[in-house]
Amino acid sequence: MPYKISVRGLVHQYYNRHTKETVLALKDISFDVNAGEFVTIVGPSGCGKSTLLSLIAGLRKPSAGEILVDGVAVSGPGVDRGMVFQEFAILPWRTVQQNIGHGLEIQKVSKEKRDSVIARYVEMVGLQGFENKYPYELSGGMKQRVAVARTLAANPKVVLMDEPLAALDAQTRVTLREEILRISLEAACTILFVTHSVDEAVFLGDRVVILSRHPGEVKEIVTIPSSREERRYPSIHENQRFEEIKHHVFQSIRQEVEMADETTMRVE
Amino acid sequence: MITDKSSSRIYAIISFSLLVIIWWSITNFGVISTAYLPTPLQVGTEFVSSVEKGTLLANLGISLARLLGTYIFASILGIAAGVAMGLSPNVSRFFRPILSFFNAISGITWIPFAILWFGLGNATIAFVIFNSVFFIVAQNTMTGVQTVPEVFEQAMLTMGAGHLRIIWEAMLPGALPSIVTGQRLALGFGWRGLIAAEMVAGSVGIGFMIFNGSYDYRPDVVLMGILVVGVVATLLDQFIFAPLERRTIERWGLV
Amino acid sequence: MPAMLKSLIRHRTFLSLVTLVVLWGGFTAFQQVIAPSRLDPALRQAMTKEETIGRIAVDLSFTPEDFHINYLQQYGVVAGVSGKTIFLVQVPRNEVRQLSELYWIKSIRLADQ
Ligand SMILES: Nc1ncnc2c1ncn2[C@@H]1O[C@H](COP(=O)(O)OP(=O)(O)OP(=O)(O)O)[C@@H](O)[C@H]1O
Ligand SMILES: [Mg+2]
């Protein structure tokens, strides 16, 4: 069976038109993701995590290498790959329910069908009573939940999430992690999930991809032994194996961050 | 909010009342001869009689019709041009210098040129209004489209939206505050261009009425006309565009 | 954007504009109703028989200015002005009817040739 997603020798360079400089964001990234797998991605800030997701989404063209989804090279964005953006990117002139139903509207799903899907996701992300509010009336965390619901409501086969829980309070974050875990099992979609939280990465992922400091490379891929069905808060914290893996991932990232700090210090 | 609004209204009433009182004292006690500056009463009387005679409303109606027709036409073209420039960096790099240049030339500067081309009459007036409106609308629309965050477009792309849909559902609403600001500025510029052009090239219209008043040695007609021009412009701005602008910006929290 | 349109329609500014249009419509409708009373009986008689009226006198309640003379020129040939009256010749009866709807005209008479 072919991989759901194959990333092969991916390189990405940004070109800044004003300073005429190129920035190497990703240098030679390769990894594979199986269908139905939940892969989390961690790495120091600026190492190219958002860049990687936007390349897989087809929003940018890689400088070198290729991305295959179901064995077919990605040539542009498509409804098979949904994305939750780090900046939320929900439209300020659409209400909560108009935003959540946007993808379905674009796919020309009938109004009745749409409304029932919207109602389901509104409930799932706990935004009942806010259906007709505009984004500026919502808190940062609520906006983020709208963004998550909007992407999931469109029912993509691959979900790319860029720190979707970053702006939430601790309690909501834990709830939504469990919720996302449940959805991932239910919807049978493949998920690539970028996060800054090691706890989150280990709790959610079947595997954790650790990227090196800028420019990004795959430093290490850690497989989480337990199956996703078994994980619950807070009992997971009592699991010795879970805590050990967390510690390992944490150390691995910290090493990168420290080395990054040293290099910047030397440059300055 | 409410107290803010009503207190600024009170200030407006006080400052205008003061102005009228000063005007009244100067003219009534002969500081300036009424041959040069008519009294408030004379201007008021002229206002009533010109309404009765039909001259004011007919002239005003003609002026507004001229303004509105050209304004709408120029706005549609301006918005279309602005969107095209906003969407394509190449198109905007090519046209932006031209746009800034034409924006620097105020609409009334075109009057002599327009007369050379079109003679005296409606075509010249329309040309001047068009020039006062088109460039400012295009400029503001372009800026508005360019400031729409790229992630909105990207998000719609990942949901499978086509380009027309992205323009309609992301670019235009995102640019709307800037477009409304442009429309508001353009209406003000268009109105000024219209009055000036009517003075030189018109045979009817409120601008012509004012200009003709000075030929007839009727300072009351001239001043009444000027006040009507000011009041109409203020009403258009304060009662149509200011609330519209506030509304689009407030409603979506785009500050 | 239907929600936006709906809120726009309910807005104070929009409502006052509508009021203005309604007032203006009412005023012109009223002028149309009272228009026949501005025509003297002899003229009304003539209008039932002839397509074009040879010579009419338009009475104003004030001394006509250039504006009014120019304005009436659209309807027929101005043959002269005397006091508060403007004389027009060769006016089609439809245009006489339109003239009678102008609020600043006092009355319209059939004038001697
Ligand atoms: N549009 C762009 N133009 C130029 N350089 C860019 C652009 N976007 C990102 N970069 C650069 O590419 C590198 C990777 O950026 P990216 O946003 O992918 O990092 P990230 O891992 O998502 O960081 P964070 O965790 O802070 O979100 C950074 O050095 C950044 O400066
Ligand atoms: Mg990022």
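These numbers come from a predicted model, not from an experiment.

## Section: the overall build of chain C
Across its full length, chain C holds five helices and four strands. Along the chain direction, N to C, the helices and strands of chain C fall in the order α-α-α-β-α-β-β-α-β. Its C-alpha atoms give chain C a radius of gyration of 19 Å, more than 25% over the compact-globule value 13 Å for 113 residues. C-alpha extents for chain C along the principal axes are approximately 65 × 30 × 20 Å. A burial count over chain C gives 35% of its 113 residues as buried. Intrachain contacts of chain C at a sequence separation of at least 6 include 67% that bridge at least 24 residues. Only carbon and sulfur atoms are counted for the fraction: they give 60% of the accessible area of chain C, which is about 6,800 Å².

## Thoughts on unusual backbone geometry
The residue lysine 20 of chain A is not glycine, and still its phi comes out positive at about 60°. Following the sequence through the fold, lysine 20 of chain A ends up in the loop between strand 1 (5-16) and strand 2 (21-33). Here the phi dihedral of glutamine 90 of chain C falls at roughly 55°; this positive angle occurs in a residue that is not glycine. Judged by its relative accessible area of 52%, glutamine 90 of chain C is exposed.

## Some words on the domain arrangement of chain C
Assigned domains within chain C: domain 1 (3-32) and domain 2 (39-110). Its C-alpha centre places domain 1 of chain C at a distance of 33 Å from the equivalent point of domain 2 of chain C.

## Examining the packing of helix 6 (residues 122-146) of chain B against helix 8 (residues 163-201) of chain B
Residue and element names in this part refer to chain B. Relative to each other, helix 6 and helix 8 sit at 160°, their axes nearing to 7 Å. The angle between the axes of helix 6 and helix 8 places the two elements in the roughly antiparallel class. Helix-helix and strand crossings are classified by hand; for helix 6 and helix 8 the assignment is right-handed. Each residue belonging to the contact of helix 6 with helix 8 can be placed in one class, and the counts come to 16 nonpolar, twelve polar and one charged.

## Things to note about a positive patch on the surface
On the surface, Arg17 and Lys20 of chain A together with Arg93 and Arg96 of chain B cluster together into a patch of positive charge. Residue placement: arginine 17 of chain A occurs in the loop between strand 1 and strand 2. Assessed through its relative accessible area of 52%, arginine 17 of chain A is described here as exposed.

## Observations concerning the interface of chain B and chain C
Listed by partner, the interface residues are 18 residues for chain B and 14 residues for chain C. Interface area lost by chain B to chain C is led by Lys53, Thr55 and Arg247 of chain B, which between them contribute 32%. At the junction of chain B with chain C, the criterion picks out one salt bridge. Notably, a salt bridge pairs glutamate 65 of chain C with lysine 53 of chain B, separated by 2.6 Å at the nearest N-O pair. In terms of residue count, helix 10 (residues 219-251) of chain B provides more of the side of chain B that touches chain C than any other element does, seven residues in total. The residue makeup of the side of chain B that touches chain C, split by class, is nine nonpolar, four polar and five charged.

## Remarks on the environment of tyrosine 71 of chain B
Residue and element names in this part refer to chain B. Relative to the helices and strands, tyrosine 71 is located in helix 3 (residues 55-87). Taking the C-alpha atoms as reference points, tyrosine 71 and phenylalanine 134, 63 residues apart in sequence, are found 8.2 Å from one another. In this structure tyrosine 71 touches Ile129, Val133, Gln183, Ala186, Leu187 and Phe241, once residues within four positions along its chain are discounted. A polar side-chain atom of tyrosine 71 sits 2.8 Å from a polar atom in the side chain of glutamine 183.

## Overview of the site of ligand 1
Residue and element names in this part refer to chain A. Near ligand 1, the surroundings consist of 13 residues, among which Ser45, Gly46, Lys49, Ser50 and Thr51 are the closest. Glutamine 86 is positioned such that a nitrogen or oxygen atom in its side chain is 2.9 Å from an oxygen atom of ligand 1. Histidine 196 places a side-chain nitrogen or oxygen 3.4 Å from an oxygen atom of ligand 1. The fraction of the free accessible surface of ligand 1 (630 Å²) that becomes covered by protein chains is 67%. Examining the composition of the shell around ligand 1, we find that three residues originate from one element, helix 1 (residues 49-57), more than from any other. Tallied by class, residues from the shell around ligand 1 come to three nonpolar, eight polar and two charged.

So, how was this worked out
Residues numbered from 1 in each chain as written. Chains lettered and ligands numbered in written order. Predicted model: local features only at pLDDT ≥ 70, side-chain atom pairs only at ≥ 80, totals over all residues. Heavy atoms only, no water. Helix = DSSP H or I, 4+ residues; strand = E, 2+ residues; numbered from the N terminus. Rg over C-alpha atoms; globule rule 2.2 N^0.38 Å. Buried < 20%, exposed > 50% of the residue type's maximum accessible area, 1.4 Å probe, protein only. Contact = heavy atoms within 4.5 Å. Areas by Shrake-Rupley, 256 points an atom, 1.4 Å probe, with all protein chains shown as cover. Domains from an automatic or database assignment. Axes fitted to C-alpha atoms, helices over the stretch in contact; angles between N-to-C directions. Parallel < 35°, antiparallel > 145°, perpendicular 65-115°, else oblique. Left-handed = near helix turned anticlockwise from the far one by under 90°. Nonpolar A, V, L, I, M, F, W, Y, C, P; charged D, E, K, R; others polar. Patch = residues over 30% accessible without salt bridge, like charges linked within 9 Å, V, L, I, M, F, W, Y side chains within 5 Å. Salt bridge = Lys/Arg side-chain N within 4 Å of Asp/Glu carboxyl O. Lys, Arg positive; Asp, Glu negative; His and termini not counted. Charge placed at Lys NZ, Arg CZ, Asp CG, Glu CD. Buried area = accessible area lost by both parts, 1.4 Å probe. Polar contact = N/O pair within 3.5 Å; in protein donor to acceptor, adjacent residues only side chain to side chain. Near = heavy atom within 4 Å.

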